[in-house]
Amino acid sequence: PMNLSITLLALALTADLKVPDGFVVKQFAGPELANDIHCLHVDAKGRVVVAGRGYVRQLVDIDGDGKADKAVELIPPPADGPMGLLWEGDTLFVT
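Quick notes on the rules
- Residues numbered from 1 in each chain as written.
- Predicted model: local features only at pLDDT ≥ 70, side-chain atom pairs only at ≥ 80, totals over all residues.
- Heavy atoms only, no water.
- Buried < 20%, exposed > 50% of the residue type's maximum accessible area, 1.4 Å probe, protein only.
- Helix = DSSP H or I, 4+ residues; strand = E, 2+ residues; numbered from the N terminus.
- Pairing = 2+ DSSP bridges.
- Axes fitted to C-alpha atoms, helices over the stretch in contact; angles between N-to-C directions.
- Contact = heavy atoms within 4.5 Å.
- Salt bridge = Lys/Arg side-chain N within 4 Å of Asp/Glu carboxyl O.

Caption draft 1: Inspection of the pairing of strand 7 (residues 85–88) at higher detail. The side-chain alternation of strand 7 yields one buried face, formed by Leu85 and Trp87, and one unburied face, formed by Leu86 and Glu88. Judged from the four bridges that link them, strand 7 and strand 8 (residues 91–94) form a sheet pairing that is antiparallel. Note on strand 8: the bridge partner recorded for tryptophan 87 is leucine 92. Counting the residues between successive antiparallel strands, the hairpin from strand 7 to strand 8 contains two residues, one of them, glycine 89, with a positive phi of roughly 65 degrees.

Below is the structure:
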């Protein structure tokens, strides 16, 4: 069978988290890069964007190890946490 992996952005993994056989859960980024995440979007190019109160950031895995190494601020800080993100081509829609 194909060895599939789910990479989740998680601040904490719990023992109660269950995934189907053949799947693996790995932490992609910790609170130092993105804390209190309201929403997450991964587009067709693999770009990971997260938003929370006062930020919209792209999380970047520079060295290809499956973990984010840096966070890039994408827009000026919103007053409240966005509730929706969508990449469409090179445009990021934030709601």
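Caption draft 2: The arrangement of the sheet that holds strand 3 (residues 37–42) in detail. Within the open sheet, the four strands sit side by side as 3-4-5-6. Their pairing is antiparallel. Among the strands making up the open sheet, the edge pair consists of strand 3 and strand 6 (70–73). Each neighbouring strand pair of the sheet contributes to a mean axis angle of 30 degrees, computed without reference to strand direction. Alignment of strand 4 (residues 48–52) against strand 5 (residues 55–60), held across five bridges, turns out to be antiparallel. What sits directly across from valine 48, in strand 5, is leucine 59.

Caption draft 3: Region of interest: the side chain of glutamine 58. In this structure, glutamine 58 sits in strand 5. Not counting residues up to four positions away in its chain, the partners in contact with glutamine 58 are Arg47, Val48, Val49, Lys70, Ala71, Val72 and Leu74.

Caption draft 4: Layout of the environment of aspartate 65. By the element assignment, aspartate 65 lies in the loop between strand 5 and strand 6. Residue classification places aspartate 65 among the partly exposed residues on the basis of a relative accessible area of 47%. Taking the C-alpha atoms as reference points, aspartate 65 and phenylalanine 28, separated by 37 residues in sequence, lie 9.6 Å from one another.

Caption draft 5: Local environment of the pattern of salt bridges. Summed over the entire model, instances satisfying the criterion amount to four salt bridges. Taking the shortest distance from any N to any O, the salt bridge between arginine 47 and aspartate 43 comes out at 2.5 Å. Owing to a relative accessible area of 11%, aspartate 43 belongs among the buried residues under this scheme. Lysine 45 serves as the salt-bridge partner of aspartate 90, at 3.3 Å between the closest nitrogen and oxygen. Residue aspartate 90 is found in the loop between strand 7 and strand 8, and its partner lysine 45 is found in the loop between strand 3 and strand 4; the two are separated by 45 residues along the sequence.

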